[in-house]
Amino acid sequence: MSDRIRCACRRCTIRGLMGPAVIITVGVLFLLDQMRGGDFSFGNTYPVILIVIGVISLAAAASPGDGHVSGPVPPAAPGVPSSTPTVSQNQFPGHGRGQ
Ligand SMILES: [Zn+2]
């Protein structure tokens, strides 16, 4: 999974911060709940998570996607032998090539 090629455009970079930011936010909120309680109990502060997710989504949507690489990594160049069986080019045998 670590050898996965990741897009380095600004949009994907910001989007990649979503997970860590949510985890840190949840940790801070639980810490506040443990240390202060009362008004800072998790039941009162959980909307902050939604705000963080929204702000990051907004920042990702507003940032330019220049150089964005979408989709999976292209397969190996043709001519390279692969272990998977190749699909026949004629999907309908007997119905092609003018016969
Ligand atoms: Zn990208």
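Rules used throughout
Sequence order as written defines the numbering, with residues in each chain counted from 1. Totals for whole chains, interfaces and linings use every residue, but because this is a predicted model, local features are given only for residues with pLDDT of at least 70 and side-chain atom pairs only at 80 or more, for both listing and counting. Hydrogens and water are ignored here; the side-chain numbers use all heavy atoms of the structure. By the criteria applied, helices consist of DSSP H or I runs no shorter than four residues and strands consist of E runs no shorter than two, each listed in order from the N terminus. Only protein chains enter the accessibility calculation, which uses a 1.4 Å probe; a residue is then buried when its area is under 20% of its type maximum, exposed when over 50%, and partly exposed in between. In what follows, residue pairs with any heavy atoms lying within 4.5 Å of each other are defined as contacts. Here the accessible surface of atoms and residues is derived via Shrake-Rupley with a 1.4 Å probe, and residues count as covered only by protein chains that are part of the display. A helix is expected to span 1.5 Å for every residue after the first. Coordinating donors are taken as N, O and S atoms within 2.8 Å of the metal, stretched to 3.2 Å for Na, K and Ca; because water is absent from the atoms, sites can appear incomplete. Here the metal geometry follows the donor angles, with tetrahedral for four donors whose angles all fall between 85 and 135 degrees, square planar for four and octahedral for six when opposite donors are more than 155 degrees apart and every other angle is between 65 and 115, and irregular for all the rest. Structural elements are reduced to axes, namely lines fitted to C-alpha atoms, with helices fitted over the stretch in contact, and the angle between N-to-C directions of any two is expressed from 0 to 180 degrees. Every angle not falling under 35 degrees, over 145, or within 65 to 115 is termed oblique; those three ranges are roughly parallel, roughly antiparallel and roughly perpendicular. For any pair of crossing helices, the crossing counts as left-handed if the nearer helix is rotated counterclockwise from the farther one by less than a right angle, and right-handed if it is rotated clockwise.

Can you walk me through the overall build of the protein chain in this structure?
Within the protein chain one finds four helices and zero strands. In sequence order, the secondary structure elements of the protein chain are arranged as α-α-α-α. The buried share of the protein chain, taken over its 99 residues, is 14%. Taking all contacts inside the protein chain whose residues are at least 6 apart in sequence as the whole, residues at least 24 apart take part in 63%. Accessible area of the protein chain: about 8,200 Å², with a carbon and sulfur share of 63%.

Would you explain helix 4 (residues 47–62) in this entry?
One turn of an α-helix holds 3.6 residues; hence residues three or four places apart share an orientation. Counted at 1.5 Å a residue, the expected span for helix 4 with its 16 residues is 22 Å, and the 22 Å between its end C-alpha atoms agrees. Of the surrounding secondary structure, the elements contacted by the buried residues of helix 4 are helix 1 (10–16), helix 2 (18–35) and helix 3 (42–45).

Please explain helix 2 as it appears in this structure.
For helix 2, spanning 18 residues, the distance from its first C-alpha to its last is 26 Å, which sits close to the expected 26 Å at 1.5 Å a residue. Along its buried surface, helix 2 packs onto helix 3 and helix 4. Immediately beyond the C-terminal end of helix 2, within one or two residues, lies G37, with a positive phi of roughly 65°.

Hey, could you run me through the coordination of the zinc ion in this one?
Coordination angles at a metal have ideal targets, namely 109.5 degrees for four tetrahedral donors and 90 or 180 degrees for six octahedral donors. At this site the zinc ion is bound by C7 (SG), C9 (SG), C12 (SG) and H68 (ND1), with donor distances of 1.9 to 2.3 Å. Geometry at the zinc ion is tetrahedral, judged from the four donor atoms that bind it and their angles of 101 to 117° at the metal. Of note, the zinc ion draws all its donor residues from one chain, in the sequence arrangement C-x1-C-x2-C-x55-H. Per residue, the accessibility class of C7 equals that of C9, and both read buried.

Sorry, what's going on with the environment of I56 here?
Examined against the element boundaries, I56 turns out to sit in helix 4. On the accessibility criterion, I56 (13% relative accessible area) is buried. Spatially, the C-alpha atom of I56 lies 7.8 Å from that of L17, the residues being 39 residues apart in sequence. Residue contacts for I56: discarding those within four places in its chain leaves I14, L17, M18 and A21.

Help me out: how do you make sense of the environment of T13 in this one?
Mapped onto the secondary structure, T13 falls in helix 1. T13 sits 50 residues away from S63 along the chain, and the two C-alpha atoms are 9.9 Å apart.

What is the right way to read the packing of helix 2 against helix 4 from this model?
In a packed pair of helices, the relevant descriptors are the angle between the two axes and the axis-to-axis distance. Axis separation between helix 2 and helix 4 bottoms out at 10 Å; the angle between their running directions is 160°. For the element pair helix 2 / helix 4, the angle class is roughly antiparallel. In the crossing of helix 2 with helix 4, the sense of the turn from one axis to the other is right-handed. Only V48, I49, V52, I53, I56 and S57 of helix 4 make contact with helix 2, whose side of the interface consists of M18, A21, V22, T25, V26 and L29.

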